[in-house]
Amino acid sequence: AVDALVPPPALMIPKVETYDELRIVADILSHARRPDNNGGDGCDSDEGESIALHALIETAAGIAHARDILSGGAGAHKLGSLGGAGPELVLFGAVDLAADVGCRAEEEGEGAQSDAATSPFLQYARARVVMAAVAARGGPAPSAGSRPAP
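Note that the structure is predicted; figures quoted are calculated from it, not measured. (Residues numbered from 1 in each chain as written. Predicted model: local features only at pLDDT ≥ 70, side-chain atom pairs only at ≥ 80, totals over all residues. Heavy atoms only, no water.)

Remarks on the environment of Asp 68
Relative to the helices and strands, Asp 68 resides in helix H3 (residues 66–71). Here Asp 68 falls in the partly exposed class, since its relative accessible area comes to 37%. (Helix = DSSP H or I, 4+ residues; strand = E, 2+ residues; numbered from the N terminus. Buried < 20%, exposed > 50% of the residue type's maximum accessible area, 1.4 Å probe, protein only.)

Written as structure tokens, this is what we have:
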């Protein structure tokens, strides 16, 4: 067997701004499956594991649409390769968001604190993504995934 032909377990999609972007990727991947633990090769669209999508929200438009992105859009239909309404994992991209809106994400110099952790603007944006994730999943808040605020 050629391992290079086995699809990855997940794909991280950068700069997600709308649910439709994830839906398009999921539709493209809908026939790509990973081999299952029951001896299937993943070539049949009904066997194997689907490829998970990880959404990286790191633009102003992505923040504005975070709830739709994470809950599955206005129609809340399932993404083809995900088997669920929204992405399996969401990540917040503070540095690219800061660049998108024209603010600094990090101080320069040795031992400087990250503005991403202390900036009220970026804290607000991160909180919007966390609240959208909680609302979409109906469960506890996810891990922030970055350095904690001092």
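Digging into the pattern of salt bridges
Tallying each qualifying case throughout the model produces three salt bridges. Across the pair Asp 96 and Lys 15 runs a salt bridge whose closest N-O atoms are separated by 3.1 Å. Highlighted residues: Asp 96 in helix H4 (residues 94–101) and Lys 15 in the loop between strand E1 (10–13) and helix H1 (19–29), separated in sequence by 81 residues. Note on Lys 15: relative accessible area 39%, which makes it partly exposed. Residue Arg 23 pairs with Asp 27 through a salt bridge whose shortest N-O separation is 3.3 Å. Residue Arg 23 and its partner Asp 27 are located together in helix H1, separated by four residues, close to a single helical turn. On the basis of relative accessibility, which here comes to 25%, the residue Arg 23 falls in the partly exposed class. Within this structure, Asp 20, Arg 23 and Asp 27 form a network of salt bridges that share partners. (Salt bridge = Lys/Arg side-chain N within 4 Å of Asp/Glu carboxyl O.)

So, to be careful, I would describe these as geometric facts and stop short of saying anything about function.
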